[in-house]
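Overview (structure and organization)
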Amino acid sequence: MASFNRVILVGNMTRDPELRYIPSGMAVSDIGLAVNDRRKDQNGNWTEETTFVDITLWGRNAEVAAEYARKGVQVLIEGRLKLDSWETDGQKRSKLKVVGERLVLLGSRSSGGEGMSSSYNNSARNTNYGGGNNNYNAGSYEEAPLPPEASAGDDIPF
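Residues numbered from 1 in each chain as written. Predicted model: local features only at pLDDT ≥ 70, side-chain atom pairs only at ≥ 80, totals over all residues. Heavy atoms only, no water.

As for the overall build of the protein
The secondary structure content of the protein amounts to one helix and eight strands. In sequence order, the secondary structure elements of the protein are arranged as β-β-β-β-α-β-β-β-β. Residues classed as buried in the protein amount to 34% of the 158 residues present. Contacts in the protein between residues at least 24 apart in sequence constitute 51% of all its contacts with a sequence separation of at least 6. For the protein, the exposed surface amounts to about 10800 Å²; the carbon and sulfur share of it is 49%. (Helix = DSSP H or I, 4+ residues; strand = E, 2+ residues; numbered from the N terminus. Buried < 20%, exposed > 50% of the residue type's maximum accessible area, 1.4 Å probe, protein only. Contact = heavy atoms within 4.5 Å. Areas by Shrake-Rupley, 256 points an atom, 1.4 Å probe, with all protein chains shown as cover.)

Quick notes on the side chain of Thr56
Structurally, the position occupied by Thr56 is in strand 4 (residues 46-58). Once you skip the residues sitting within four places of it in the chain, Thr56 turns out to touch Val28, Ser29, Asp30, Lys97, Val98, Val99 and Gly100.

Notes on the packing of aromatic side chains
Throughout the structure, instances matching the rule amount to zero aromatic pairs. The ring centre of Trp46 lies 4.3 Å from the NZ or CZ of Arg38, which sits over that ring. (Phe/Tyr/Trp six-rings, centres within 6.5 Å; stacked < 30°, edge-to-face > 60°. Lys NZ or Arg CZ within 6 Å of the ring centre and 35° of its normal.)

Here it is, written out as structure tokens:
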């Protein structure tokens, strides 16, 4: 059976990136992301649920995050899930996190997330979901607008 491991998240950074270099010279940065989900409860009241996600960025993505992104900045992360397991004091531990393969800086908390910034794709492949012209090549910067959200009353054409 085939597998598919892809995650796309939009949220606000919960802390400044922590940039470090491994012995081979590769940059690595850890960031935290707060992703908000708004839904109606059983009584019809809107409630917000926040999910906190740890993300690891590698290479140029790590350097870009450390240079331009700060706590509170809204970002889009595309990547894959990874389960880390280790043992501490005789206890087995594990943590599910995201390995970010694409970073898009969407805006800052002070600008309300309105200003689109640049995206950086550190992947060595050209990702093309659904065909057509795709400009997400390795090492390219571009503006990447997100589609507007449909409201509950909008007609969906499919």
